[in-house]
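# Architecture at a glance
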Amino acid sequence: MSDSPKLTLDFKGLLCPMPVVKIAQAIKQVQVGELIEAVATDPGVMADIPAWTRSTGHELVALEKQDGKTFRFVVKRVK
Amino acid sequence: MLIFQLLAFAGLAAGLYGIYLRYAETRRRALPVDKSPVKGNISHGIAYAFTTGMMPWAKESTRIHLIAYLRGIGFHIGIFAAIGTVILSPFWEWFPPLLSWTLSWVLFLGALLGAAGGLMRIAEHNLRGLSLPDDHFAVWLTTLFIAVTGLGLVNEAFVVPMYLVGAVTFTYVPLGKIRHCLYFFFSRTFFGKFFGRRGVFPHPEAVQ
Amino acid sequence: MTETIELALKALEAQLNQPLETALEACARCGICAEACHYYRAEPRVEHIPAHRAEQLRSVYRYEHDFLSRMFPVWTRAEKLDETTLANLTEIAFSQCTLCRRCTVNCPLGVDTPLMMRAIRAMATAAGTAPEILVMLADAAIEKGNDPSFYKEMFLEQIADMEKQLREITGDENAGIPVEKQGAKILYVPLAGAHTILPPAVVFNAAKEDWTLSIFEASNYGVFLADVNRARQVAKRIVDEANRLGVKEIVISECGHAYACYRWDVPNWFAGRFDFKVRSLIEVLAEYIAEGKIKVDPTGIPESVTYHDSCNLARNGGLLEEPRYVLKNIVGDFREMTPNKAGALSLRRRRRDRCARRICRTKNRRRQTQGGPNQKHRCAGGRCCVRELPPADRRPERALQLERPCYRTDGSGRPRDAAAQTPARGGGGASFRRGTGWNSKDLGRV
Ligand code: SF4
Ligand code: SF4
């Protein structure tokens with residue numbers, strides 16, 4: 001298990017619920033314990049990604065706003 | 001002759017009873033109560049569903065398929081005329097000749113249109129793909145029924161076949177696809193309720 | 001019988017009420033509904049005839065319920081439900097029908113095909129074969145309702161950012177986006193993302209409306225799943241919010257399915273706890289214009305614009321005049337679609353259709369002279385509608401552009417030429433000015 005993300009994704013320009021849809025698809029491509037990093041521009045992710053990790057049981061490692069326009073988040077596959 | 005006539009009436013009674021059973025069965029099922037605030041008018045919606053909403057110009061589908069629509073209408077007029085003719089068979093001798101003559105032509109035309117529908121079901125790719133054996137059987141049975149009824153009206157030799165075919169047709173109504181005649185009323189009523197409540201129909205600029 | 005099949009059949013039985021049985025029984029298989037369906041229009045195959053779709057469920061229903069079918073299954077193609085059939089049904093109901101009800105309207109018997117497709121969706125959800133992503137989205141939405149605290153702070157932060165933009169746009173230092181305002185008249189429920197918050201905020205402020213923004217989003221994936229249980233839980237968030245704040249009215253963003261959910265379904269799920277008036281934003285806009293609460297520039301959009309109705313707003317909701325009224329007030333050249341060579345006898349009648357999106361016919365000339373990028377038609381909700389457009393209009397050189405109704409902003413929610421915006425005129429009226437629009441680049445991302 002490493003701390004560097006296995007996948008880095010670009011969700012810029014995608015509107016809700018596409019970031020959640022994409023991350024849900026992507027999580028299947030990594031092993032349990034691996035990380036996915038993504039950046040999005042839709043502020044909806046600030047609520048939707050934590051909600052998604054809570055309801056699916058995956059771990060939200062980081063979620064932050066960058067330069068006022070983009071949002072970066074890191075998710076760890078738990079199961 | 002009387003025995004065949006009785007047979008036809010027995011078939012009619014069986015068919016009606018079967019339809020009643022279907023009706024009762026469907027009515028036994030739950031009827032959802034819609035509590036959302038009404039936007040339009042439910043009774044106007046139902047009235048529309050059974051009147052203007054049935055007109056050929058009311059729907060895009062019937063505007064495109066006007067011939068098929070008219071064929072269907074002619075066929076169904078034939079069916080109801082045939083049922084009426086058989087029911088009224090005890091009174092045929094009092095029919096004015098003009099009535100018998102007109103009726104027989106309505107029936108022949110209906111049978112012709114029925115046969116056209118039956119052939120379309122076989123020939124047309126989409127319809128063939130959609131049709132069940134039940135559909136093919138039902139359209140030809142009904143067509144035959146209308147045809148022999150028309151023939152029976154003008155030639156006594158066809159009266160017995162008319163009663164026989166009539167008995168079979170009537171009995172088959174609740175069993176196969178012909179029972180859509182009952183569900184037509186349910187369906188249009190629900191249609192009218194739904195679109196009436198939501199203020200879609202009747203609407204001067206209705207959505208089609 | 002496996003458990004999956006058992007669950008699916010149980011779900012079918014549970015739903016079998018009068019309207020559903022009627023839909024299952026009434027079809028005469030006349031095939032006249034074929035052209036009504038945009039799937040068939042796009043790909044004229046037997047499988048895309050609405051009745052064919054419905055037949056797949058009927059064969060299962062007949063096997064369970066019809067006397068003749070049980071005796072002679074071949075006679076009516078009755079089939080016992082198995083895994084393959086269930087997978088096929090799931091695919092049909094989720095991927096090949098948008099529940100637009102166009103077939104119903106065009107059927108001589110008024111057969112409610114979408115009702116059957118909904119029944120299949122519920123069967124699939126019960127059996128666990130429904131698209132996982134919809135379940136996931138619904139569950140995430142429910143999670144937000146269970147404990148909004150985990151995102152509320154971030155949400156409020158974003159709203160504060162948007163408020164800044166709002167002030168920039170309107171030039172009004174007092175313009176605001178109230179959240180959780182007790183006793184507000186209107187609870188406005190957006191979709192997630194700025195594009196459905198900022199533009200309405202401009203309007204609400206201009207109209208001096210007493211409103212508050214919902215902390216939840218209007219979409220309800222439980223409805224897509226035909227899963228009343230999940231759908232209720234998703235809706236409950238807003239029902240509770242409205243009750244807590246004591247609002248009078250709930251206004252739903254332009255989303256058709258969300259409007260249908262709150263206008264027509266929620267009152268049935270929360271009888272006694274939900275006596276709010278529910279309106280679409282389009283209705284509110286029309287009212288503001290009619291009452292002079294906002295002033296709009298009637299020539300604000302110089303191009304010819306036509307309107308393609310949304311199934312959920314129009315055919316399933318009766319909202320026909322309002323969007324046209326709004327458009328006629330902001331568009332210099334509003335035209336209803338007229339008959340053309342596409343083959344339908346009257347396109348005038350076909351014009352009112354799916355997806356509440358404006359179709360903006362920007363002329364070739366404009367594209368050439370302005371050197372704009374290739375315009376695409378794109379629709380935020382469903383893209384199905386575009387397939388239905390007459391082939392001539394699908395050609396890219398016709399430069400057909402679908403736009404959001406009534407207000408146009410770029411992805412950030414900020415009007416493209418915000419600097420050129422005149423501040424509110426005539427007592428704070430919002431102006432729907434030329435150029436405050438989605439440009440096609442933004443559309444490509446929707
Ligand atoms: S138009 Fe109606 S009755 Fe005819 S095939 Fe379609 S759904 Fe069935
Ligand atoms: S509801 Fe719409 S998409 Fe579904 S079958 Fe009917 S016409 Fe086609």
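That block above? That's the structure.
About the criteria used
Residues numbered from 1 in each chain as written. Chains lettered and ligands numbered in written order. Predicted model: local features only at pLDDT ≥ 70, side-chain atom pairs only at ≥ 80, totals over all residues. Heavy atoms only, no water. Pairing = 2+ DSSP bridges. Helix = DSSP H or I, 4+ residues; strand = E, 2+ residues; numbered from the N terminus. Axes fitted to C-alpha atoms, helices over the stretch in contact; angles between N-to-C directions. Contact = heavy atoms within 4.5 Å. Buried area = accessible area lost by both parts, 1.4 Å probe. Salt bridge = Lys/Arg side-chain N within 4 Å of Asp/Glu carboxyl O. Parallel < 35°, antiparallel > 145°, perpendicular 65-115°, else oblique. Buried < 20%, exposed > 50% of the residue type's maximum accessible area, 1.4 Å probe, protein only. Polar contact = N/O pair within 3.5 Å; in protein donor to acceptor, adjacent residues only side chain to side chain.

### Here we look at the sheet that holds strand E4 (residues 70–76) of chain A
Two modes of strand pairing occur in sheets, parallel and antiparallel, and in both the strands are linked by backbone hydrogen bonds. All names here are of chain A. Taken together, the four strands give an open sheet; going across it, the order is E1-E2-E4-E3, and neighbouring strands pair in mixed fashion. Across the chains shown, the open sheet's two edge strands, defined by having one partner strand only, are strand E1 (7–11) and strand E3 (59–66). Direction aside, the axes of adjacent strands within the sheet are offset by 15 degrees on average. Strand direction decides the pairing type here: E3 and E4, joined by seven bridges, are antiparallel. In the strand pairing of E4, Leu63 is matched with Phe73. Each of E1, strand E2 (35–40) and E4 is contacted by helix H1 (residues 18–26), which is oriented at about 160 degrees to E1, the strand it contacts most. Along the sheet, helix H2 (residues 45–56) makes contact with E2, E3 and E4, crossing E4 at roughly 5 degrees.

### Details of the interface of chain C and chain B
The partner chain B presents 62 residues to the 63 residues of chain C that form the contact. Of the roughly 5,600 Å² buried between chain C and chain B, counting both surfaces, carbon and sulfur atoms make up 56%. Considering only the surface of chain C that becomes buried against chain B, Gln18, Arg29 and Trp75 of chain C emerge as the three largest contributors, covering 14% of it. There are eight salt bridges connecting chain C and chain B. With its nearest N and O atoms 2.9 Å apart, the salt bridge here joins Glu60 of chain B to Arg102 of chain C.

### Describing the packing of helix H2 (residues 18–26) of chain C against helix H4 (residues 50–65) of chain C
Residue and element names in this part refer to chain C. It is at 10 Å that the axes of H2 and H4 come closest, and there the two elements cross at 105 degrees. Relative to H4, the element H2 lies roughly perpendicular. On the side of H2, the interface is formed by Glu21, Ala23, Leu24 and Glu25, while H4 contributes Leu57, Arg58 and Tyr61.

### Digging into the interface of chain A and chain C
In this complex, chain A contributes 23 residues to the contact, which on the side of chain C involves 23 residues. Along the contact surface separating chain A from chain C lie five salt bridges. As a salt-bridge pair, Glu132 of chain C and Lys28 of chain A come within 2.6 Å of each other at their nearest N and O atoms. Where the side of chain A that touches chain C is concerned, the elements lending two or more residues are H1, H2 and E3 of chain A. Counting residues per element, the side of chain A that touches chain C draws most heavily on H2 of chain A, which supplies nine residues.

### Some thoughts on the environment of Thr56 of chain A
Looking at the secondary structure, you find Thr56 of chain A in helix H2. Residue classification places Thr56 of chain A among the buried residues on the basis of a relative accessible area of 11%. Sequence separation between Thr56 of chain A and Ala24 of chain A is 32 residues, and the spatial gap between their C-alpha atoms is 9.4 Å. Dropping the residues within four chain positions of it, Thr56 of chain A is found in contact with Lys79 of chain A together with Met136 of chain C. A polar contact of 2.6 Å, which involves the side chain of Thr56 of chain A, links it to the backbone oxygen of Trp52 of chain A.

### As for the pattern of salt bridges
This model, assessed by the stated rule, comprises 43 salt bridges over all chains. Between Glu25 of chain C and Arg22 of chain B there is a salt bridge, with its nearest N and O atoms 3.2 Å apart. Taken together, the residues Glu25 of chain C in helix H2 and Arg22 of chain B in helix H1 (residues 2–28) connect one chain to another. With its nearest N and O atoms 2.5 Å apart, the salt bridge here joins Asp135 of chain B to Arg29 of chain C. Of this pair, Asp135 of chain B sits in helix H7 (residues 133–154) while Arg29 of chain C sits in the loop between H2 and helix H3 (38–42), which puts the two residues in different chains. Since its relative accessible area comes to 0%, Asp135 of chain B is described here as buried. Arg29 of chain C gets classed as buried once you look at its relative accessible area, which sits at 4%.

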